[in-house]
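Coordinate analysis (summary)
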2 protein chains.
Amino acid sequence: MAEDKLVYFFGNNETDGNGQMTNLLGGKGANLAEMANLGVPVPPGFTISTDVCIYYLKNNKYPDGLIEQVNNSIKKLEQVSSKKFGDSDNPLLLSVRSGAKASMPGMMDTVLNLGLNDESVKGLAKKTDNPRFAYDSYRRFLSMFADVVLGISYNKFEDTLEKKKCELGVKLDTELSVDDLKDIVEKFKSIIKKCTGKPFTQDPKEHLQMAIDAVFSSWNNQRAIKYRNLHGIPHSWGTAVNIQTMVYGNMGETSGTGVAFTRDPGTGEKNCFGEYLINAQGEDVVAGIRTPESIETLEKSMPDVYEQLVDIFNKLEEHFKDMQDIEFTIEEGKLYILQTRTGKRSAASAIRIAVDMVDEGLIDKRTAVMRLEPKQVDQMLHPMIKPDSICKVIATGLAASPGAAVGKVVFSADHAEDMEKKGENTIMVRTETSPEDIGGMHAAEGILTVRGGMTSHAAVVARGMGKPCVAGCSDIVIDASSSFFMVDDIKVKEGDYISIDGTTGRVILGQVEVEAPGVSEYLEVLLKWADEIRDINIRTNADTPSDATTAREFGAEGIGLCRTEHMFFGDDRIPVVREMIMAEDENERRTALAKLQPMQKDDFIGIFKAMKNYPVTIRLLDPPLHEFLPRLEELESKLVKLECDKDKKRKEIKKVRKLIERVEAVKEINPMLGHRGCRLGITFPEIYEMQVKAIIEAACELECDGTKVIPEIMIPLVSDAKELAIVKEEISEVAERVMKEHGMDVEYLIGTMIELPRAALTADKISKHADFFSFGTNDLTQTTFGFSRDDAGKYLPLYIEKQILDIDPFVSLDQEGVGELIKIGIQKGRMGNINLKVGICGEHGGEPTSIKFGYACGLDYVSCSPFRVPIARLAAAQAKIESE
Amino acid sequence: MAEDKLVYFFGNNETDGNGQMTNLLGGKGANLAEMANLGVPVPPGFTISTDVCIYYLKNNKYPDGLIEQVNNSIKKLEQVSSKKFGDSDNPLLLSVRSGAKASMPGMMDTVLNLGLNDESVKGLAKKTDNPRFAYDSYRRFLSMFADVVLGISYNKFEDTLEKKKCELGVKLDTELSVDDLKDIVEKFKSIIKKCTGKPFTQDPKEHLQMAIDAVFSSWNNQRAIKYRNLHGIPHSWGTAVNIQTMVYGNMGETSGTGVAFTRDPGTGEKNCFGEYLINAQGEDVVAGIRTPESIETLEKSMPDVYEQLVDIFNKLEEHFKDMQDIEFTIEEGKLYILQTRTGKRSAASAIRIAVDMVDEGLIDKRTAVMRLEPKQVDQMLHPMIKPDSICKVIATGLAASPGAAVGKVVFSADHAEDMEKKGENTIMVRTETSPEDIGGMHAAEGILTVRGGMTSHAAVVARGMGKPCVAGCSDIVIDASSSFFMVDDIKVKEGDYISIDGTTGRVILGQVEVEAPGVSEYLEVLLKWADEIRDINIRTNADTPSDATTAREFGAEGIGLCRTEHMFFGDDRIPVVREMIMAEDENERRTALAKLQPMQKDDFIGIFKAMKNYPVTIRLLDPPLHEFLPRLEELESKLVKLECDKDKKRKEIKKVRKLIERVEAVKEINPMLGHRGCRLGITFPEIYEMQVKAIIEAACELECDGTKVIPEIMIPLVSDAKELAIVKEEISEVAERVMKEHGMDVEYLIGTMIELPRAALTADKISKHADFFSFGTNDLTQTTFGFSRDDAGKYLPLYIEKQILDIDPFVSLDQEGVGELIKIGIQKGRMGNINLKVGICGEHGGEPTSIKFGYACGLDYVSCSPFRVPIARLAAAQAKIESE
């Protein structure tokens, strides 16, 4: 290794490295070299490579030639700075910092102000004409060096300092005089002597070598090892060491320090944005004692520096092709850039910057599309709590449906509807919601539930409506009287104002200010670019014409899931639906169905119109019938009350008894695995018959009027090819008959949901009878894991906490288990039917990671709730780019 | 084809074919040839090969040479029989029958008595001195030929005959005189003339050819095509035609006909067994007008024939190596064998014959083991209704647990227990059973339920107890008062006697006679042979020392599933279990668990003792906690009643309220997919801790006393490797601690159930933490299909009826879906851990088809309820033989 280059200089047009050399120089070193190459004024310095670290940790000594190369670099620094290392007149001071390939913030050690000793501190005092600054720097160096290099606890120095301040009766470090500081320096040296058994060495070269040793060794400290284990960073990488000239912003009125963004991180506007302090160090900005000034004022106070800064901004943006977040220091009128990195920004800013940079020719459209986290799009589509609001957060639940809402607490759907009529905003608070609550959910501004996960009824419906929802907020206890709820000691009564933030899960007491969503023109542009790139379709899950219209506005290319059961819960429908369920035989059932049929047809006409020219996938009735009946417990209590009543109402009792009998008959122990989906279609074919009649009649009537309709009929919960074959035959017959009656020929598809493991495992047989598959990943997740989504709240949070699962599998698709079934399902499905169209319509259809996984598996489309369509458009484009 | 052999002669030492030639000669033809080769006297004849059929159906003509070969064969028959085809003095009469490779009973056509015309009928009358017989044969020929060959409806002839009988005032055909028959013959010929437009042809050669045409063509009649589609028989096979000399058992006192078995089909004893009629045709035996005589009497009446028959029996048994069922006819003292086939027999007979034949050197042990249907073993282990009992069957349910039981109807478990104390036998009739009913199930003779399938609680527990059970008998309606049940109009009151047959599913009014099971010495011998052959282990599912002892007696080699929850339901346990569930925090829970711990230890000591030297797999607590609490509806009704009460018992109300609160908190929408299995172990580690402590303490104490114990601890419902890893770490710690305290070192294994699709799909990761896998096929079937076994009764019967599923997947393993997951699970499991032991412990572990499938997948053992252990032993041996 003797011949090798071990040390890389940067600054003063003599830079050895560059930005690509992160393996060798670490992130910080490569970045400093890159800036130096660009002519950006960085405090000059040099980097000792990671190879040296690896060698040192293995052999416990340095490779040959290192000391020489370090000494040569120090000499170069002396030349460049016209200072001298360890000099008593004009000393060169250095910082020694770690810098690995991956950022490991705070994990390894740093020494500042290296180069000071009892002599050079005098030189610094004289040269800067600021003895306070010099001795303050010296005492800082002593404590830092002792801690990092000599392993003496930092507390010892802190205690001494505190004691001194106490004696003097002062509070702030700045109140200490030069003499106080000198005294402290002596005390610090005593501590070192006491702990090491010898006086503090005065040789800066020895200090430097010890500091380098310490930084390399810090690679293997416990914190660092733990951090790497946690973040999957290889232990073999090692760290580089960056040795850099110190610069000071606190050397008078021509010095200063600041931070700046090259564009506005809030709006994305192309303006310098930042703040600075004259005669200050970085830590003063952080301490917040003085109020920093806006960067624009620098134009007046130091016009040359400002001009230089703006030039550097442009240079860095042009080079890194992205908005930069920069730290700078001005030392006696000379500007130094200490760091540049990609700037964090708001969603709005990110979108605007991406679009502007394409216009400026800095990046291409594909890069712009990759710049945005799909989740950031979400922020743009929902009202948000104003960032500077003061929030009294009383509880936190699941962030089940994004957006913020403010309203008076109500505990029932009826109450929410009444309040809406009076023009009052409400938040509906429920233990859990059920299909009967839909009206109330529409009326309320937001929904808060005590139980249920990310795919509970409340969450799914709220997302569909684009309404904020916080679910599974188990800290809340609703009183049985339903006139208040408790969170710890806080009592929130009906009518009290609360606010909820469905983006973060927060529940807030009182009213907070909310910002309206800003679907900017920039987002429109970006999504159009995404559309040009992506090669799978984005559909929506929509059950009403209004949802369908919203989804079209968000760019949906059809409906991937229209749940017909939601149409059965309307006030005008539910009595008829119950009539159908209470029917004693097929004839009675057909009579009730005949009443429902025209209503269903109207539903479909509305939806088809909203989605004209686009496919509409209609799922035939799926849920078990008892979902449409009253709860057994309610009925039983009612019966007992009626029977306790002196004045016995026999007729009423008889009616309730009959209802109980029916509810008993259809109730199930595990409804999720019960008599539902196509099992209903097999046992009561007349139900699907009615629905298909309604679909095809609606289609015929619209096509007759010139509206192009593309119905896709979807059979739910198939577990075996024969089930699908039987139902398909039955409904095809109905469809053919209706078309013949209308003298029309509507093109329609018949497909199935794949939502049971067995369906995926036997997909080759099922696909012979299917034009399309749609993976119902909610149910597939339930059966694959054996997790009831309604009940999983009892253990799933603990599973995440214990890292048994990385993420709730109802939020992001479980690739290992459920994903394996999807892969099997697609592969076998296409074996059985090469033209099979495959999509996904569970909640995962709008979740970026799941979309990317699905894309890799070969999906033709994803379908999600209307408000997630833009996210899906972006994620699909990114998936395509990433796959190339 | 001109040179080819198309016709195969048999009989008279000139037989061309043999028993192997079923492809060419069909089953019947090959069998006749085989018998002829053996020197068994079959009526001579010849077979036209299936090749001819295929040629004929394709080309609509016969291959060259066929007519010639047929004519030559006829000539041979004339020589052999000294009769002449179509002769007016001594006519040769023939039968023409189809005969395909596979048996297709009744699907194709037959013509008998071919060779008769207006002249030869006179010859036959003269020769037999029996004009009645001759003309009766002729009129039968005419109608049969017309129907089969000429396509004239058989009804036309029947009507004519009926009309004639009506005119004569007679009822039976036998009452018709010769003249009556001659008249009928004329009438039949007129019908033929009217329908075909020409007189009935008088040329027997032409008749023969037309009959051959007709038989070949019948291969493609609708019935036959449908039958082949249904049974998977290729349409390309074609049928052979068998043309055989007619023989008659009704030609006087030296003629006769009969059927016989070579051994007793009831007991298996080596005796001729059968019956015959002198001067009769086969159809007379069937008609039952005369009582046939026992075959033994033939020894006196026709000693030569009898001796010849016994010789033939021996010859056939020696040849076919199995008990034969034979049809024979004696024509004027000459014996003809018409058919031989493997004889059907009772289970007892099958076992004895198999064992005897090994002793006689006829077959080897492997063949003997293959001779028995594993299900037949079941018959030997349970009491049966006497075969000749008169049963008033009032309903039929699922044959859920085999055996017959008789007792008085009771509707509650308590009642059953009270009655038992009085020495009364009962049948417990319930809508469905729950764990609280266990005591009553023990006390009752049998269980009858209205709801629930083959794996409902009642069915599973009853099979475990070896107690007869009819489940899911939905025709029964239990009155709410629970003092009677109705089946249609029949009212069965509490205390009335009923009988149930769990082997067939029958529910019988009153008491029937029951036979005790006869575990014969023959069965013992056969099962020992099976044990020598099989190479997988048979374990049992047992939760009590008594079950374990029973299973050992049946040959179980360990316990594959010991369900600890069943131990929690005892009267002394359940209050403590509820105390644990009602606990407000971990401390309270630990206090309750500490009370349970010594009881659990005693349970395990008993079981380990019963299973000493054999492994015992103990499953840690699996069911959701609410199974141990009272039903919510009951509590709510109770509360309402208490509140209606004037004299309010506040304390009582408070207590019920608290219980309701807790039940509400733990109740689940889908308990099957809920907070259970290892999810309990993760959330309440102290429960598993108590159980493992009890297991290891029991093991230490017994080993200390010199009893060898092999505990295998099984974690239920794992869906991810990390779950298992966490629980394993916790329980290993407990086990190590307990062993240290005892100064012992017990060998124990830790494994997991694979009962969720995700567990099978990620088995490679899970197996890294497991010593063994046990497939829980009940739950795996539920999640793979999305079928709740408790609710599937609403549609599963229809699924079987509509042939969507061939068989209830809870009875026989679904190989296509669930089986695919088992294959994946085993393959991946062994990838992760090459020494992984794999078993199966669901209900399928005792079902022969499932055992064979599991064997092919590579299982190391199966585990089933004690009474199914012998079946499993046999099925495992058969699986091994079949795999070779």
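Residues numbered from 1 in each chain as written. Chains lettered and ligands numbered in written order. Predicted model: local features only at pLDDT ≥ 70, side-chain atom pairs only at ≥ 80, totals over all residues. Heavy atoms only, no water.

1. Observations concerning the pairing of strand 8 (residues 256-261) of chain A
Residues and elements named next belong to chain A. Burial analysis of strand 8 places 5 of its 6 residues in the buried class, which makes it a mostly covered element. Inspection of the sheet shows strand 8 paired to strand 9 (residues 273-278) by 6 bridges, in the antiparallel sense. Note on strand 9: the bridge partner recorded for Gly256 is Ile278. Bridge count between strand 8 and strand 11 (residues 324-331): 6 bridges; the pairing is antiparallel. Residue pairing for strand 11: Gly256 is matched across the bridge by Ile330. (Buried < 20%, exposed > 50% of the residue type's maximum accessible area, 1.4 Å probe, protein only. Helix = DSSP H or I, 4+ residues; strand = E, 2+ residues; numbered from the N terminus. Pairing = 2+ DSSP bridges.)

2. Considerations on the relation of the copies chain B and chain A
Superposition record for chain B on chain A: RMSD 0.4 Å, screw rotation 179 degrees, translation along axis 0.2 Å. Both copies of the chain, as the preceding transformation shows, are related through a two-fold rotation axis. Of every C-alpha in chain B, the one belonging to Asn670 of chain B sits nearest the axis of rotation, 2.0 Å from it. (Least-squares fit on C-alpha atoms with pLDDT ≥ 70 in both.)

3. Overview of the sheet that holds strand 8 (residues 256-261) of chain B
Residues and elements named next belong to chain B. With respect to topology, 5 strands assemble into an open sheet ordered 10-9-8-11-12, the strand pairing being antiparallel. Bordering the open sheet on either side are strand 10 (293-294) and strand 12 (334-342), each of which pairs with just one other strand. Taken strand by strand, helix 12 (residues 303-320) contacts strand 8, strand 11 (324-331) and strand 12, and its axis lies near 30 degrees from that of strand 12. (Contact = heavy atoms within 4.5 Å. Axes fitted to C-alpha atoms, helices over the stretch in contact; angles between N-to-C directions.)

4. Considerations on the nonpolar core
Core analysis: the biggest nonpolar cluster contains 282 residues, and Phe608, Ile696 and Ile715 of chain A together with Phe608, Ile696 and Ile715 of chain B have the highest contact counts within it. Other than its neighbours up to four places away in sequence, Ile696 of chain A contacts Ile713, Ala735, Val738, Met739 and Tyr748 of chain A. (Core = buried A, V, L, I, M, F, W, Y, C linked by side-chain atoms within 4.5 Å.)

5. Re the interface of chain B and chain A
With 62 residues of chain B at the contact, the number on the chain A side is 63 residues. Of the roughly 5,400 Å² buried where chain B meets chain A, counting both sides, 56% is carbon and sulfur surface. Applying the counting rule to chain B against chain A returns 6 salt bridges. A salt bridge links Asp814 of chain B to Arg758 of chain A; the shortest N-O distance between them is 2.6 Å. Along the contact surface separating chain B from chain A lie 31 residue pairs in polar contact (both at pLDDT 80 or more). For the side of chain B that touches chain A, the elements supplying multiple residues, two or more each, are helix 23 (632-644), helix 24 (650-666), helix 25 (678-683), helix 27 (721-742), helix 28 (757-761), helix 30 (777-785), helix 31 (796-801) and helix 32 (818-832) of chain B. If you tally residues by element for the side of chain B that touches chain A, the top one is helix 23 of chain B, at 7 residues. (Buried area = accessible area lost by both parts, 1.4 Å probe. Salt bridge = Lys/Arg side-chain N within 4 Å of Asp/Glu carboxyl O. Polar contact = N/O pair within 3.5 Å; in protein donor to acceptor, adjacent residues only side chain to side chain.)

6. Here's the deal with empty space enclosed by the protein
Residue and element names in this part refer to chain B. Using the criterion set out here, one finds 4 cavities of 30 Å³ or more in the structure. Volume-wise, the largest cavity comes out at about 60 Å³. The wall of the largest cavity is formed by Val460, Gly464, Asn541, Arg563, Glu843, Gly846, Cys864, Ser865 and Arg868. Along the lines of polarity and charge, the residues of the lining of the largest cavity split into 2 nonpolar, 4 polar and 3 charged. (1 Å grid on protein atoms, 1.4 Å probe; cavity = no way out; pocket = protein on both sides within 12 Å on 5 of 7 lines; lining within 4 Å. Points joined across faces, edges and corners; volume = space filled by probe spheres on them. Nonpolar A, V, L, I, M, F, W, Y, C, P; charged D, E, K, R; others polar.)

These figures capture arrangement, not role.
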